[in-house]
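# Overview (structure and organization)
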Amino acid sequence: MNNMGAGIAITGCGSAAPEAVLTNDHLAQMVATSDEWINTRTGMSNRHIASATESLSQLSAVAAQNAIAMAGITATDIDLIILATSTPDDLFGSACKIQGLIGATNAVAFDLGAACSGFIFALITASGFIRAGVYKNVLIIGADILSRWVDWSDRSSCVLFGDGAGAMVCQGTSQDDRLLSFGMYSNGSQNDSLNLNYYSQSKPLVENITAQYGSYKPITMNGKEVYRFAVAKVPEAISKAMFQANLTADDIDWLLLHQANQRIMDAVAKRLKIPTEKILSNIAEYGNTSAASIPLALDAAVRDGRVQPGHTIAASGFGAGLTWGAAIFKWG
Ligand code: ACO
């Protein structure tokens, strides 16, 4: 598909979340915590937890179908699918499974791993293919089922995470480019702050050769360090993107941040001098859904009419890696 010299239009979004809702009071039955502690420290009340029959691929397919319908195209129009996730159903990747589920027979699909920055990194990756004229219709999905990997006995992390999926359709356009600016960053020296590591045991195969046979083990996190990192780096990344796009804080209609903690979102808005009423937050209902949190929050705001065509959105994801990124775009 040749689409040389194209700008990018963001024409559809969709989302899906598991049915089961785990409340703060439920968590208080499991670990030494309380609704009051979780609410005041994070802004979270509920999170949705995937059941044995709800897979990442299936949630992503629903989100994708909703986004494709909103964009007014069909699954066979999609040229590329990028799935941002850290929790695929299959370690070989789940993007192709989703491709099969939605019948995107003309697309190529692959996974992208950048933790909670994954959706922003996927958007920026998609924009490169569109601007280069390689692909016209790109479906990006952010989805995670972190409940599979949480240490449910660790009160400092288990209260934070929930499951979900969100999707967006980006299309090449000869009209105005709606992706105004972006930046991607990582700092490997802080890699130890947030991990989902592989642990193994030696399995002797033949003399002098052992395979390391094991499994990924629960999330470990230095919450304070991640908090400090987010509050420092996210405003910096958004400020740089605003500067590149020749925008000031007054030009931003909505602040769309990774939903890690309401206090982080409020602190970022304060540093940027953007009123907190402009934050798109769904953290109370979903908690931190990792790569899904940005498109989940966007989808709700588009569907209830808060976000209107032409609105300028400053988005930022951040998380394990450590990675972070920002993108400023106009909806529609
Ligand atoms: N309930 C009750 N008490 C708790 C809980 C809990 N769930 N968790 C921790 N505490 C206790 C601690 O043990 C500590 O007690 P102590 O003073 O007796 O030692 C006290 O509360 C204060 O703990 P802090 O860690 O200082 O609490 P803080 O205000 O920093 O909040 C939090 C912790 C919510 C984790 C915060 O640091 C945070 O949001 N950090 C960012 C985490 C994050 O965003 N992670 C995801 C990144 S995205 C990704 O890539 C997946």
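Details of the structure are given in the entry above.
An account of the accompanying structure is given in this report. Just so you know, these numbers come straight off a predicted model, no measurement behind them.

On to the site of the ligand, then. Around the ligand, 25 residues are found, and the nearest of them are Thr 33, Arg 41, Cys 116, Lys 224 and Asn 261. At 2.7 Å from an oxygen atom of the ligand is found a side-chain nitrogen or oxygen belonging to Asn 261. The backbone of Ala 320 places a nitrogen or oxygen atom 2.8 Å from an oxygen atom of the ligand. At the level of elements, helix H2 (35-42), helix H6 (155-158), helix H7 (223-244) and strand E14 (312-319) are the ones that each hand at least two residues to the shell around the ligand. Among the elements that line the shell around the ligand, the one with the most residues is H7, at four residues. Looking at which domains feed residues into the shell around the ligand, each of domain 1 (7-176) and domain 2 (180-188 + 220-330) gives three or more.

Further remarks concern helix H3 (residues 56-71). With 16 residues, H3 should reach 22 Å at 1.5 Å per residue; the first-to-last C-alpha distance of 22 Å fits that figure. For H3, the elements touching its buried residues are strand E1 (7-16), strand E4 (80-84), helix H4 (95-102), strand E6 (137-145) and strand E7 (163-173). Note on H3: the residue one or two positions beyond its end, Gly 72, has a positive phi of about 75°.

Take the nonpolar core next. Judged by nonpolar contacts, the single largest core of 46 residues is most densely connected at Ile 238, Leu 255 and Phe 318. Where this core is concerned, the elements lending two or more residues are H7, strand E13 (254-257), helix H8 (262-272), E14 and strand E15 (323-330). For this core, the element with the most residues is H7, which contributes nine residues. Looking at which domains feed residues into this core, each of domain 1 (7-176) and domain 2 (180-188 + 220-330) supplies at least three. Filtering out sequence-adjacent residues up to four positions away, Phe 318 remains in contact with Cys 116, Ser 117, Phe 229, Ala 230, Val 234, His 258, Ala 260, Ile 264, Thr 323 and Trp 324. Formed by 37 residues, the second largest nonpolar core is a distinct cluster that contains Leu 123, Ala 126, Val 138 and Ile 294.

What counts and what doesn't
Residues numbered from 1 in each chain as written. Predicted model: local features only at pLDDT ≥ 70, side-chain atom pairs only at ≥ 80, totals over all residues. Heavy atoms only, no water. Near = heavy atom within 4 Å. Polar contact = N/O pair within 3.5 Å; in protein donor to acceptor, adjacent residues only side chain to side chain. Helix = DSSP H or I, 4+ residues; strand = E, 2+ residues; numbered from the N terminus. Domains from an automatic or database assignment. Expected span 1.5 Å × (residues − 1). Contact = heavy atoms within 4.5 Å. Core = buried A, V, L, I, M, F, W, Y, C linked by side-chain atoms within 4.5 Å. Buried < 20%, exposed > 50% of the residue type's maximum accessible area, 1.4 Å probe, protein only.

These figures come from the coordinates and say nothing about function on their own.
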